[in-house]
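# Fold and contact review
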Amino acid sequence: MNSIGLFHYLILAVILFITGMIGACVSRNMIRIVMSLFIVSVSVIINFLSFGAYGSGLNSGANVMSVFVLVVTILQISAVLALFLKVYHSNEYLDVEKIKDKEN
Amino acid sequence: MGSSTDAGYFYIYAVLLIAGAAGVVFSPRMFAALCSFFFMLLFSSLIYGLLNAAFLAVFQFVLCGLMLCLMLFFILKKITIWMLPLKIASIVKIMFAIFVFGLFAVVSFFYVGFEFGSNSGLFIHMFKEKSADIIDFSGFLFSVSLAVILTLTVCVALKNIELTKTENLPEYANEKEGSQNE
């Protein structure tokens, strides 16, 4: 109980992953969906780092991969937020279901 | 790594991180979601620190915790949805998601029983017995991969569920009445 191992970090990553995916599914606000997807990427990074820390000789590789994932996620979020601003200026709302209904 | 002090820190940070993530998803207002997002980034950085990734922790905290949160703050101010109430899918979807979340938590935490020795009745014991002599971590990889696959399956199902949706919403009902009056 006192020692923390790989399994504990993986369980944490799974919980974060599930929370993020549920948030991305049930939210209707686009910005909240993006935040939920960031939670998913945090869970992926924790997965990488935990395998790097408790695996055999993969620590530097895991760190590099995590930085790569983080930078790609940040860039993705920046681009998506710019798109959201554009959508908001044309529609005056960021509700996914309203936009979907408007398209239909 | 692995000392009792680290264990204490891990449990504290993990609980706060999960609370922050839940706050992002289910907070009633956008500003509360943004605050939860900031705290989630802070505690995830501390978790990275426990995993010998201090550089990544600082990098994420500066890049995301400060820069991204500020950017989101200004965007929310700019498009004036700072006090936007929580708009989520219908209650059926949420109940279904909570049920699935509980199911996955049970499936994932089944493996915890191995650490306390009371695992004879667990169905997952069979998988661990078969895989223990091959790869050490294949036992929990099973539960983790099962949870991930089930989550993705349910996400697809949630996206495809056609609910009562538009006709029961008040704005659509008003539009419908208006068109009928015309």
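To be clear, the structure that these remarks concern was listed above.
First things first, this report covers the structure right here in the doc. (Residues numbered from 1 in each chain as written. Chains lettered and ligands numbered in written order. Predicted model: local features only at pLDDT ≥ 70, side-chain atom pairs only at ≥ 80, totals over all residues. Heavy atoms only, no water.)

## Description of the overall build of chain A
The helix and strand tally for chain A stands at 4 helices and 0 strands. Counting helices and strands in the order they occur from the N terminus, chain A gives α-α-α-α. Among the 104 residues that make up chain A, the fraction classed as buried is 57%. Long-range contacts, defined as pairs at least 24 residues apart, comprise 57% of the intrachain contacts of chain A with a sequence gap of at least 6. Split by element, the accessible area of chain A, about 4300 Å² in all, is 66% carbon and sulfur. (Helix = DSSP H or I, 4+ residues; strand = E, 2+ residues; numbered from the N terminus. Buried < 20%, exposed > 50% of the residue type's maximum accessible area, 1.4 Å probe, protein only. Contact = heavy atoms within 4.5 Å. Areas by Shrake-Rupley, 256 points an atom, 1.4 Å probe, with all protein chains shown as cover.)

## Some remarks on the packing of helix α1 (residues 6-26) of chain A against helix α2 (residues 30-54) of chain A
Residues and elements named next belong to chain A. Running from amino to carboxyl end, α1 crosses α2 at an angle of 165°, the nearest separation of the two axes being 8 Å. As summarised for this structure, α1 and α2 are arranged roughly antiparallel, according to the angle between their axes. For the pair α1 and α2, the crossing hand works out as left-handed. Residue-level inspection shows L6, Y9, L10, L12, A13, L16, F17, G20, M21, G23 and A24 of α1 in contact with α2, the latter providing I33, S36, L37, I39, V40, V42, S43, I46, N47, S50, F51 and Y54. A class-by-class count of the residues in the contact of α1 with α2 yields 17 nonpolar, 6 polar and no charged. (Axes fitted to C-alpha atoms, helices over the stretch in contact; angles between N-to-C directions. Parallel < 35°, antiparallel > 145°, perpendicular 65-115°, else oblique. Left-handed = near helix turned anticlockwise from the far one by under 90°. Nonpolar A, V, L, I, M, F, W, Y, C, P; charged D, E, K, R; others polar.)

## Digging into the packing of α2(A) against helix α3 (residues 54-78) of chain B
It is at 13 Å that the axes of α2(A) and α3(B) come closest, and there the two elements cross at 175°. By the angle class used here, α2(A) and α3(B) are roughly antiparallel. In this structure, α2(A) contributes I31(A), M35(A), F38(A), I45(A) and L49(A) to the contact, and α3(B) contributes L56(B), C64(B), L68(B), L72(B), I75(B) and L76(B). In terms of residue class, the contact of α2(A) with α3(B) is made up of 11 nonpolar, no polar and no charged.

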